Amino acid sequence: MMDINSIKKDFPILKKQINNTPLVYLDNAASTQKPNQVIQSIVESYELYNSNVHRGVHTTSMEATERYELAREKVAKFINAKSNDEIVYVRNTTEALNLVAYAWGLNNIDSTENIVVTELEHHSNLVPWQFVSQKTNCELRIIPTTPEGTLDLSSIDKLITESTKIVSIVHVSNLTGTINPIDEIIKKAKSVGAKVCIDAAQSVPHMPVDVQQIDCDFLAFSGHKMLAPPGIGILYGKTEILEKLEPFLRGGEMVKEVTYSSATWNDIPTKFEAGTPNFIDPIGLGVAIDYLSNIGMENVRQHEKDLIKYALDRLTEIPGLEIIGPTNPEMRGGVATFSMNDIHPHDIGTILDQRGIAIRTGHHCGMPYHKKLGLSATSRASFYLYNDYNDIDKLVDGMNDVINYFK
Amino acid sequence: MLPNELNDLYKEVILDHYKNPRNSSEIIEPLHKARGYNPFCGDEVNLQLNVDNNQVIQEVGFQGHGCAISQATASLMTESIKGKSIQEALAIREEFRKMMQGEQSNLELLQDLEILEGVRNFPVRIKCSLLSWSTLEDSLS
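What counts and what doesn't
Residues numbered from 1 in each chain as written. Chains lettered and ligands numbered in written order. Predicted model: local features only at pLDDT ≥ 70, side-chain atom pairs only at ≥ 80, totals over all residues. Heavy atoms only, no water. Pairing = 2+ DSSP bridges. Helix = DSSP H or I, 4+ residues; strand = E, 2+ residues; numbered from the N terminus. Axes fitted to C-alpha atoms, helices over the stretch in contact; angles between N-to-C directions. Contact = heavy atoms within 4.5 Å. 1 Å grid on protein atoms, 1.4 Å probe; cavity = no way out; pocket = protein on both sides within 12 Å on 5 of 7 lines; lining within 4 Å. Points joined across faces, edges and corners; volume = space filled by probe spheres on them. Domains from an automatic or database assignment. Nonpolar A, V, L, I, M, F, W, Y, C, P; charged D, E, K, R; others polar. Expected span 1.5 Å × (residues − 1). Buried < 20%, exposed > 50% of the residue type's maximum accessible area, 1.4 Å probe, protein only. Buried area = accessible area lost by both parts, 1.4 Å probe. Salt bridge = Lys/Arg side-chain N within 4 Å of Asp/Glu carboxyl O.

1. Notes on the sheet that holds strand 7 (residues 164–170) of chain A
Residues and elements named next belong to chain A. If you walk across this open sheet you meet the seven strands as 4-10-9-8-7-5-6, and the pairing is mixed. The open sheet is flanked by strand 4 (87–90) and strand 6 (139–143), the only strands paired with a single partner. Across the sheet, the axes of successive neighbouring strands diverge by a mean angle of 20 degrees, strand direction being ignored. Here strand 9 (residues 218–222) runs beside strand 10 (residues 233–237); their pairing, made up of five bridges, is antiparallel. Opposite Leu219, over in strand 10, you have Tyr236 as the bridge partner. Contacts from helix 3 (residues 59–78) reach strand 4, strand 9 and strand 10 within the one sheet, and its direction differs from that of strand 4 by about 120 degrees. On the sheet, helix 4 (residues 93–108) packs against strand 4, strand 7, strand 8 (195–199), strand 9 and strand 10 and is oriented at approximately 155 degrees with respect to strand 9.

Rendered as C-alpha cells:
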C-alpha cells in the first residue's frame, strides 16, 4: 500500500495555492513534479560537486564523474539493461528518437524497405520517421486504431513484412492512455528481422519496464516525466547495435583519436555524448529512480490503475462528456482524455485553473490522431503517484462548474 | 462559486455570441478572404469581406470553430467592422490590440468590443481573442 499523504508531503509544490485553493496537479503526462529528495540532490550537485565530467584530474571533477556514472548505473538497473554502456544520456525522448532516426534510420533503410509506426504516435515518434522516409524514399506504414483508441492489429501481417526495417511504436499513448500490446508487435517485428524502437515516455515512469524481457533494440524516455529535472532523457540501445551505429553528433569527448583529416570514435555510450553533457540533471534522475524504486513500480502502476478506474467512472457521470480511449483500466495508463459536446477544451482549462486544477488542453502533440477523431483539441487529466481520489473529485466538481457556465 | 475574473471572461454577451455567432453565413466569391488558424489550440476563423468602391465593408461573413473567446471575438468583430471603411476597421483592430495589452484604448471606436476587456486578465487566452483580427488583416493584405 502506498501512503499518498506522506508522498504528497515530499512535493513542496503541492503546498502551492492558486486563487486561494491548493494546486491540484493533473498534468503529469506533460511533466511531473519533483520531490524534495530530487530538488536537494540538484542543489547539492551545484554546491559541492559542480565540475565538468570525464576531464579533470582534480577531486571535484572526479566526484562529479563518479556521481554522473552512478546515475547511469541506476538507470540501467531500473530498466534491466545488460550493461551501463547501453544507457545514452540525451536531453529528452524526442532527442533519443531523433538519434535513432538519424544515426540508424538514415544509414540502414533504402527505398525498397519500410518503417512501421502507429496512429497513436506522439509527434516525436512520427516526425523524425517522416524525415527518414522522405530522405531515403522508403515507405512509412502506419498501424491503424480501433474506434476505442486501441491498435487494430488485424492487418499486422500486411504492415510488418519482410521489407520492414524498423518498427517504432509508442508503449503507452499520451493521447488515449492506451497500453499497447508491444510484446505481440515486437514478436512480429522480430519474426521478419526488423529492429524495434519503443517510445517509453509514458511507460517507464509509470510501470515496470524490463528491456531484456520485451527484447527491444532501442527504448527512449524522459527524466522530467518521472520526478527528475527536465534536462535529461535516456536512449537505451542494445550493445551490439550501438557499437555498429554511426554517431549522431560529432565533436569533443565522443572521439578517440583526431587528426586534421579524420577521427575515430570513442566507445559506447560516450560515442553518442558529444560535447559537455548536462552533468547535473542525471544526478536528479538517479535520485528520482531511488524514490520510485523505494515505492516499487508495481505499486505505482496499481495506484494509477485504481485512479484511472475511479476517474473514468466519475467522469462518465458528467452529461455530454465523452471519454477518448479504452475504458478498461487494465489497458489504460493514468491518462483520462475527454471531450465535452460544445465546450472547447481551452475554456474548460481556464475555468478549472481558477479552481487550482491543472490539466492539459489541446492536441497533446498528436495532431493527426485528433484529426482522425474529428476534434481539434481535447482535455486531458493525467495522474501520478501523488494524486488521490480527492483530486479526481475536485476535477469532477470543476467540470460541473464548467457546465453551469455554458448551459 | 466562481471568482469574479472568470465572470468577466465568460460574460453572458460573450457566451451568446459564441452560441449564436452573428454574420456566420459564408460569402461566395468574396473580394477579400483569409483563414486564420492557431495550431496551438486548433482555433480556426475563416473570414470573407466585400467592400464597395469607397472601400467601405458592405458584407462580412465568418465561419470557424474553437474556444468561446476566439469565436465570440470573431462574431463581435464582424458586427463592429460592418459598414466601416477598411481604414476604420484597421484602426479598431489597433485599439483592440491596445486594450488586450492593457494600454489606453479608444473606447468610442471599440464600442461593444469593450466587453472583451476581461480577456486580458488571462494572458494565455489573449491570442484567442486576437486570431480574428489577424485574419482580418491577412484578408486585406
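2. Description of empty space enclosed by the protein
Residue and element names in this part refer to chain A. Evaluated as defined, the whole model comprises two cavities of 30 Å³ or more. Every residue along the wall of the largest cavity is listed here: Ala29, Val172, Gln202, His206, Met207, Glu304, Gly333, Gly334, Val335, Ser382 and Phe383. Composition of the lining of the largest cavity by domain shows at least three residues from each of domain 1 (4–30 + 296–406) and domain 2 (40–293). Quantified by volume, the second largest cavity comes out at close to 30 Å³. If you go around the second largest cavity, the residues you meet are Ser45, Tyr49, Ala64, Arg67, Phe279, Ile280 and Ile283. The class makeup of the residues in the lining of the second largest cavity is five nonpolar, one polar and one charged.

3. A short note on helix 10 (residues 281–295) of chain A
Residues and elements named next belong to chain A. Over its 15 residues, helix 10 runs 21 Å from end to end, which matches the ideal 21 Å to within 8%, given 1.5 Å per residue. Burial runs high along helix 10: twelve of the 15 residues are buried. Among the residues making up helix 10, those that are buried are Asp281, Pro282, Ile283, Gly284, Leu285, Gly286, Val287, Ala288, Ile289, Tyr291, Leu292 and Ile295. For helix 10, the elements touching its buried residues are helix 1 (4–9), helix 2 (36–48), helix 3, strand 4, strand 10 and helix 11 (297–315). After helix 10 finishes, the residue Gly296 shows a positive phi value of roughly 95 degrees.

4. Some remarks on the interface of chain A and chain B
On the chain B side, the residues contacting the 17 residues of chain A number 24 residues. Buried surface at the junction of chain A and chain B, both sides included, amounts to about 1,600 Å², of which 58% is carbon and sulfur. The largest per-residue losses of area from chain A upon contact with chain B belong to His346, Gln354 and Tyr405 of chain A, which jointly make up 37% of the total buried on that side. Salt-bridge contacts for Asp347 of chain A lead to Arg125 of chain B; the nearest nitrogen and oxygen are separated by 2.8 Å. Broken down by secondary-structure element, the contributors of at least two residues to the side of chain A that touches chain B are helix 12 (345–353) and helix 14 (389–406) of chain A.

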